[in-house]
Structure formats: structure tokens, C-alpha cells
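The chain contents come next:
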Amino acid sequence: GQQVMQIPQYQHVQEGEDFTTYCNSSTTLSNIQWYKQRPGGHPVFLIQLVKSGEVKKQKRLTFQFGEAKKNSSLHITATQTTDVGTYFCAGRADNDYKLSFGAGTTVTVRA
Amino acid sequence: DAGITQSPRHKVTETGTPVTLRCHQTENHRYMYWYRQDPGHGLRLIHYSYGVKDTDKGEVSDGYSVSRSKTEDFLLTLESATSSQTSVYFCAIKPGPRAYEQYFGPGTRLTVT
């Protein structure tokens with residue numbers, strides 16, 4: 001079945017620095033989604049990418065979908081303490097109502 | 001929050017006892033999902049439902065059963081709880097036929113001793 005791998009598992013960042021988390025699928029995806037989970041909370045939908053090579057921005061967050069639709073990245077610039085949490089990618093195959101989640105990247109921020 | 005509630009929010013139970021977790025939604029969504037979350041594994045799909053009495057297995061369905069007799073309720077049952085089922089359980093909905101994102105409930109933390 002479809003597998004989605006996410007790296008790194010942990011990211012310790014100095015406040016103000018940039019970082020990137022990566023997501024790779026074993027199969028071609030119809031779309032990919034990103035979620036954020038704050039400590040003690042539930043996953044919250046951030047964004048969905050559908051097109052090959054698509055890039056979307058949300059303030060300091062930049063999301064990219066690879067040309068082959070098998071990988072994605074999330075880049076955060078000028079990290080703030082509000083960025084703390086775990087970021088998950090989730091891939092969906094064509095004609096499927098299920099998502100396959102990556103294991104997540106847990107971000108901590110040093111002030 | 002897509003009108004999703006889960007009950008109970010916390011539960012401690014003993015090995016071998018049956019446990020039922022409830023997911024309730026107020027917005028008449030057709031698709032509902034049960035996940036478990038464990039460190040290092042992300043969210044793993046247990047079962048999902050695509051309508052009343054229509055359910056299917058996910059990747060980690062062994063030891064779990066589900067029922068959906070009403071649109072608004074999706075129940076997850078552990079027939080005989082084991083320590084390996086200690087986890088945080090999340091329910092989610094998909095908001096529409098052409099929308100593929102999911103919205104999650106607050107979760108249930110289950111501990112099996």
C-alpha cells in the first residue's frame with residue numbers, strides 16, 4: 001500500500017531561523033495535505049496541494065508539491081514560538097477517500 | 001471545529017474489558033474516520049465510514065470494530081482491550097464529496113492497564 005515518509009522526525013530551531021520538513025510518497029499522489037498539531041491538541045488542516053510543481057504560501061509558511069507528485073516540502077521562515085508543534089503531511093491517491101499520514105516532524109523553538 | 005465531539009475524553013481500563021469510544025458530529029457529513037496516534041507513527045487509520053451502515057477497514061483494524069447506525073455517530077469498539085491499544089484516538093470527518101481535507105475531533109486518550 002501507499003506509504004508516506006516524513007523527515008526529519010524532530011527539528012530544534014533557534015527563534016528567527018528557517019527550516020524545512022520533507023515528505024515523500026512511495027506512489028504518485030492525487031493531492032497532498034499538511035496539518036499542524038499543537039502540543040496536547042488535535043491535527044488542524046493547513047493546506048492542500050493538487051497540481052504538479054504547485055507552490056502555496058501562508059504568511060511565513062511555504063508549501064511545495066513536487067513535479068512528479070510524489071514529494072512535498074514545508075518551509076518556515078523566521079521561526080516563531082507560535083510555530084511549535086508537529087507538522088504532518090498526508091497523501092491521497094486517485095479515487096481514494098483515505099489519507100496516508102507521515103509520521104510527522106515535531107518542532108521545538110529556542111527563544 | 002466542524003462540530004465534532006468525542007467521548008469520553010479520557011479513559012483508563014483494564015486488559016480484557018470492552019471499550020466503546022464515540023464520535024459525534026452535528027453537520028451531517030457522510031465520511032467519518034477513526035485514527036490512532038502513537039509516537040513515531042503519526043496517524044494510522046483504523047476504520048472509516050462512507051455512510052450509515054457503510055464501513056471499511058483501515059491499515060490497523062485488527063482488534064477494533066465500528067458501527068454507524070446514524071449519520072451523526074460513529075462508534076469504535078475494542079472488544080477486549082489490550083495494552084497495545086493504549087493510544088490517543090482521533091475521529092475525523094471529510095466535509096464534502098469534492099473536499100478531501102479532514103477535520104479532527106479533540107481526541108480520546110485511552111490507557112489500558
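Conventions adopted
Residues numbered from 1 in each chain as written. Chains lettered and ligands numbered in written order. Predicted model: local features only at pLDDT ≥ 70, side-chain atom pairs only at ≥ 80, totals over all residues. Heavy atoms only, no water. Helix = DSSP H or I, 4+ residues; strand = E, 2+ residues; numbered from the N terminus. Rg over C-alpha atoms; globule rule 2.2 N^0.38 Å. Buried < 20%, exposed > 50% of the residue type's maximum accessible area, 1.4 Å probe, protein only. Contact = heavy atoms within 4.5 Å. Areas by Shrake-Rupley, 256 points an atom, 1.4 Å probe, with all protein chains shown as cover. Lys, Arg positive; Asp, Glu negative; His and termini not counted. Charge placed at Lys NZ, Arg CZ, Asp CG, Glu CD. Pairing = 2+ DSSP bridges. 1 Å grid on protein atoms, 1.4 Å probe; cavity = no way out; pocket = protein on both sides within 12 Å on 5 of 7 lines; lining within 4 Å. Points joined across faces, edges and corners; volume = space filled by probe spheres on them. Phe/Tyr/Trp six-rings, centres within 6.5 Å; stacked < 30°, edge-to-face > 60°. Lys NZ or Arg CZ within 6 Å of the ring centre and 35° of its normal. Axes fitted to C-alpha atoms, helices over the stretch in contact; angles between N-to-C directions. Disulfide = S-S within 2.5 Å.

Quick word on the overall build of chain B
Okay, step 1: Scanning chain B from N- to C-terminus turns up zero helices and eleven strands.
Okay, step 2: Each helix (α) and strand (β) of chain B, taken in turn from the N terminus, gives the series β-β-β-β-β-β-β-β-β-β-β.
Okay, step 3: Relative to a compact globule of 113 residues, whose C-alpha radius of gyration would be 13 Å, chain B shows 13 Å and is just as compact.
Okay, step 4: The principal-axis extent of the C-alpha atoms belonging to chain B is close to 40 × 30 × 25 Å.
Okay, step 5: Taken over 113 residues, chain B has a buried fraction of 50%.
Okay, step 6: By sequence separation, contacts in chain B at least 24 residues apart represent 54% of the contacts at least 6 residues apart.
Okay, step 7: When the accessible surface of chain B is summed, it comes to about 5,300 Å², and 47% of that surface belongs to carbon and sulfur atoms.
Okay, step 8: Separation between the mean location of the 13 positive side-chain charges and that of the 12 negative ones in chain B comes to 2 Å.

Description of the pairing of strand S11 (residues 105-110) of chain A
All names here are of chain A.
Okay, step 1: Because side chains alternate across S11, one face comprises the buried residues Thr105, Val107 and Val109, and the other comprises Thr106, Thr108 and Arg110, none of which is buried.
Okay, step 2: The pairing of strand S2 (residues 10-14) with S11 spans five bridges and is parallel. Note on S11: the bridge partner recorded for Tyr10 is Thr106.

A few points about the layout of surface pockets
Okay, step 1: Its volume calculated, the largest pocket comes out at about 590 Å³.
Okay, step 2: Around the largest pocket, the lining is made up of 33 residues, and of these Gln37 and Gly40 of chain A together with Gln37, Val88 and Arg109 of chain B lie nearest the centre.
Okay, step 3: Of all the elements in the fold, those that place two or more residues in the lining of the largest pocket are strand S9 (85-92) and S11 of chain A together with strand S4 (31-38), strand S9 (87-94) and strand S11 (108-112) of chain B.
Okay, step 4: Of the residues forming the lining of the largest pocket, the biggest block, four residues, is contributed by S11 of chain B.

Some remarks on the packing of aromatic side chains
Okay, step 1: All told, the structure shown has 16 aromatic pairs over all chains when counted by the stated rule.
Okay, step 2: Seen in terms of ring centroids, Tyr35 of chain A and Phe104 of chain B are 5.9 Å apart; in terms of plane orientation they differ by 90 degrees. Their pairing is edge-to-face. Placement of the pair is Tyr35 of chain A in strand S4 (residues 31-37) and Phe104 of chain B in strand S10 (residues 103-104), with the two residues belonging to separate chains. When sorted by exposure, Tyr35 of chain A lands in the same class as Phe104 of chain B, which is buried.
Okay, step 3: The interplanar angle of 35 degrees and the centroid separation of 4.6 Å between the aromatic rings of Tyr97 of chain A and Tyr31 of chain B together place this pair among those described as tilted. Within this pair, whereas Tyr97 of chain A is found in the loop between S9 and strand S10 (100-101), its partner Tyr31 of chain B is found in strand S4, the two belonging to separate chains.
Okay, step 4: Residue Tyr97 of chain A is classed as partly exposed on the basis of its relative accessible area, which comes to 37%.
Okay, step 5: One aromatic cluster is present, built from ring pairs that chain together Tyr35, Phe45, Phe88 and Phe101 of chain A together with Tyr33, Tyr35, Tyr48, Tyr50, Phe90, Tyr103 and Phe104 of chain B.
Okay, step 6: In this structure, Arg92 of chain A packs its charged tip against the face of Tyr100 of chain B, placed 3.5 Å from the ring centre.
Okay, step 7: Above the ring of Tyr31 of chain B, the side-chain terminus of Lys94 of chain B is found at 4.6 Å from the ring centroid.

Let's talk about the sheet that holds strand S3 (residues 19-25) of chain B
All names here are of chain B.
Okay, step 1: Read across the open sheet, the four strands follow the order S1-S3-S8-S7; overall the sheet is antiparallel. Two strands in the sheet have a free side with no partner beyond their single neighbour: strand S1 (4-7) and strand S7 (64-70). The average angle at which neighbouring strand axes cross in this sheet is 20 degrees, direction not considered.
Okay, step 2: Note that S1 and S3 share four bridges and pair antiparallel. Among the inter-strand pairings, Ile4 is bridged to a residue of S3, identified as Gln25.

A short note on the state of the cysteines
Okay, step 1: This model, assessed by the stated rule, comprises two disulfides over all chains.
Okay, step 2: Disulfide partner of Cys23 of chain A: Cys89 of chain A, at an S-S distance of 1.9 Å. Classification of the bridge connecting Cys23 of chain A and Cys89 of chain A rests on its S-S torsion, roughly 80 degrees, and on that basis the disulfide is right-handed. Note that Cys23 of chain A is positioned in strand S3 (residues 19-25) and Cys89 of chain A in strand S9, a separation of 66 residues in sequence.
Okay, step 3: Classification of Cys23 of chain A by relative accessible area gives buried; the value is 1%.
Okay, step 4: Sulfur-sulfur distance for the disulfide between Cys23 of chain B and Cys91 of chain B comes to 1.8 Å. Taking the torsion about the S-S bond as the criterion, the Cys23 of chain B to Cys91 of chain B disulfide, at about -70 degrees, is left-handed. Separated by 68 residues along the polypeptide, Cys23 of chain B in strand S3 and Cys91 of chain B in strand S9 bring together distant segments of the chain.

Any functional reading would require information beyond the geometric quantities listed.
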